[in-house]
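# Observations on chain architecture
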Amino acid sequence: MSLIVIVGPPGSGKTTVGRALADALGAAFRDADADIVAVAGKPIADIFVDDGEDHFRALEREAVRRAVAEHDGVLALGGGAVLAEATRKLLADVPVVHLRVDLAEAVRRNEIDKGRPLLQVNPRATLRRLLEERLPLYREVATVEVDTTGRDVDDLAAEIRAKLAVRTVAVNDAETPYPVLIGRGTVERLPEFLGKAARVAVLHTESTALLAQRVGSLLPDGVEAVLMGLPDAEDGKTVAVAEQCWDALGAEGFTRTDLVVGVGGGAVTDLAGFVAACWLRGVAVVHVPTSLLGAVDAAVGGKTGVNTAAGKNLVGAFHPPRAVLVDLDNFATLPERDLAAGLAEVVKAGFIADPAILDLVEADPRAALDATGPVVAELVERAIAVKAEVVASDLKEGGLRAILNYGHTFAHAIEKLEHYRWRHGDAVAVGMVYAAHLNAITGRVDLVERTEAVLESLGLPTTYEAGRWDDLLQVMKIDKKNVGATQRFVLLDALAAPVVVDDVTAEQQREAYERLTA
């Protein structure tokens, strides 16, 4: 157990929630105000009357310093502790929970507790002022933020535990390393990644408009949110839409120190990254993926792009984000079919690098489809870790990164022929079956049955219609992995042993297709 600090205004429930959290964690609870009383030998109200607020604040700074250094567990601070810059610096590397409360609830709770010296006269007006003045400071030090208004204390403790259980995967590419935060409530960490931005463009679709508004509300005073709505799905990934965004950035006066945030699925983060990469030859971007597919695929790796008549993602740029905030709470409302489609990319990571992913899915496919459970969190972390390791070695797809396209040659051809009406994950599922057949046909590992079984257990497709081979081949010949007229495929010599090959014959390609046709 390590230190967890609770901060918030008077009446937010710091002591009550702090004790419940400590009990839930099996940890010790400590109250900095109680430490002050013990040192002074009298109640806080008497310290204010006898010695003045300045003396109390000096005692408070020392009590907090000592408690942060000594305590292993949950520590609640007084409402005004964050006023001291020295205290805020102490909390810079400590998990801090900011408890919010609305004014009416705070007034009601403080009417019950008469021992607060700052609230003796006109408590409502004083509380309003304290809430407004201190909110930026609470948010400056906070790791997570929770609203306690009308909430059950045990539910609050459970929510805080979940939000603090954030896993971080570092993408250590040679140019701009960045973190991928995976957990519940990670979107609230956005203020950590604003840099010197005075304006934040939040790109979103209609389905993510409410989350985009929430993102805007998280920005500190002095930072302006500019919300930009995009067409849904692949309709938003066009040069025309990107141009509209650039026009809007120009109208708002966006500079090189400002920030773009993509809130949505893979299409949104692809477009947001492309817009950021091109505006002023590159401004920072943070991704908030709202789909499982977007989290494990599009948002990580720095590849951005738009679609053209010639194909998908053929126009784009490499532009790594400043951070990726994978908030697992966003997946809880996804339809199961969309969640399954996202798992196709997770399964791909299992075949090319981390077989433990396959073991987890095979052990309990239903658990893999439960967005609120622990299995999804582990699957997401493992898949992102696979991509992070590959990207760190090959940011601009000079060689190794091509293995991330296992199953994608055939998948992209399906998507184009189906005018992008297929879910990307569904196409990747069929593409992996195609690749598995090529593995077997070319004398490599035979994983056809396992591939089909894993994908079917998640409700994903494993076949494609007959009679489309000539059209599919035409599209596959302009795949990004190809070199001139030479086709290249990502195959597996063995499980978790991918290889890029250029010797698959036309007959072998056709045979693999015929084996998977319905």
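Counting restarts for each chain, with residues numbered from 1 along the sequence as it is written. Since the coordinates come from a predicted model, pLDDT governs what is reported: local features require at least 70, and pairs of side-chain atoms require 80 or more to be given and counted, while whole-chain, interface and lining totals use all residues. Remark: hydrogens and water are excluded; side-chain values derive from all non-hydrogen atoms of the structure.

Glancing now at the overall build of the protein. Runs of H or I in DSSP of at least four residues are treated as helices and runs of E of at least two as strands, each being numbered from the N terminus. Along the protein, the regular secondary structure elements total 21 helices and 16 strands. Its C-alpha atoms give the protein principal-axis dimensions of roughly 95 × 50 × 35 Å. For the protein, contacts bridging at least 24 residues in sequence account for 74% of all contacts bridging at least 6. For every accessible area listed, the method is Shrake-Rupley and the probe measures 1.4 Å; residues are considered covered only by the protein chains on display. When the accessible surface of the protein is split by element, carbon and sulfur atoms take 50% of a total near 21200 Å². We count Lys and Arg on the positive side and Asp and Glu on the negative side, and we leave His and both chain ends out. The atom standing in for a charge is NZ when the residue is Lys, CZ when it is Arg, CG when it is Asp and CD when it is Glu. If the 54 positive side-chain charges of the protein are averaged to one point and the 76 negative ones to another, these points end up 4 Å apart. Pairs of residues are marked as contacts when any of their non-hydrogen atoms sit within 4.5 Å.

Turning to the nonpolar core, a few remarks are in order. Among buried residues, those of type Ala, Val, Leu, Ile, Met, Phe, Trp, Tyr and Cys that are joined through side-chain atoms within 4.5 Å constitute a nonpolar core. When accessible area is computed with a 1.4 Å probe and restricted to protein chains, residues below 20% of their type maximum are described as buried, those above 50% as exposed, and intermediate ones as partly exposed. By size, the foremost hydrophobic cluster in this structure holds 81 residues, and its most contacted members are Val-180, Val-326, Val-380, Phe-410 and Tyr-434. In contact with Val-326, other than residues within four places in its own chain, are Val-180, Leu-181, Ile-182, Gly-183, Thr-186, Pro-289, Ala-295, Phe-331, Val-380 and Ile-384.

On the surface, a cluster of negative charge is contributed by Asp-23, Asp-152, Asp-154 and Asp-155. A relative accessible area of 63% places Asp-23 in the exposed class. Patch members must show over 30% relative accessible area and no salt bridge, and they are joined within 9 Å when carrying like charges or within 5 Å when they are nonpolar side chains of Val, Leu, Ile, Met, Phe, Trp or Tyr. In the sections that follow, a salt bridge refers to a side-chain nitrogen of Lys or Arg positioned within 4 Å of a carboxyl oxygen of Asp or Glu.

Right, let's get into the sheet that holds strand E4 (residues 96–100). Read from one edge of the open sheet, five strands run E2-E3-E1-E4-E5, paired in parallel fashion. Unpaired on one side and paired on the other, strand E2 (28–31) and strand E5 (144–147) mark the two borders of the sheet. Neighbour-to-neighbour, the strand axes of the sheet open up by a mean angle of 20°, direction not taken into account. Pairing geometry for E4 and E5, over four bridges, is parallel. The residue bridging Val-97 from the neighbouring strand is Val-144, located in E5. Only the stretch in contact is used when a helix axis is fitted, and all axes are lines through C-alpha atoms; the angle between N-to-C directions ranges over 0 to 180 degrees. Across the sheet, helix H2 (residues 32–40) touches E2 and strand E3 (73–76), and the angle it forms with E2 is around 60°. Two strands are counted as paired when DSSP detects at least two bridges linking them.

Let's shift gears to the packing of aromatic side chains. To describe a pair of aromatic rings, one takes the distance between the centres and the angle between the planes. We call Phe, Tyr and Trp rings a pair once their centres come within 6.5 Å, taking the six-membered ring for Trp, and we label the pair stacked below 30 degrees between planes, edge-to-face above 60, and tilted otherwise. Per the counting criterion, the structure on display carries seven aromatic pairs. Judged by centre distance (5.7 Å) and plane angle (75°), the ring pair of Trp-422 and Tyr-464 falls under edge-to-face. Of this pair, Trp-422 sits in the loop between helix H17 (408–417) and helix H18 (424–441) while Tyr-464 sits in the loop between helix H19 (448–457) and helix H20 (469–476), placing them 42 residues apart in sequence. An aromatic cluster is defined as three or more aromatic residues linked by ring pairs; in this entry it consists of Phe-410, Trp-422, Tyr-434, Tyr-464, Trp-469 and Tyr-513.

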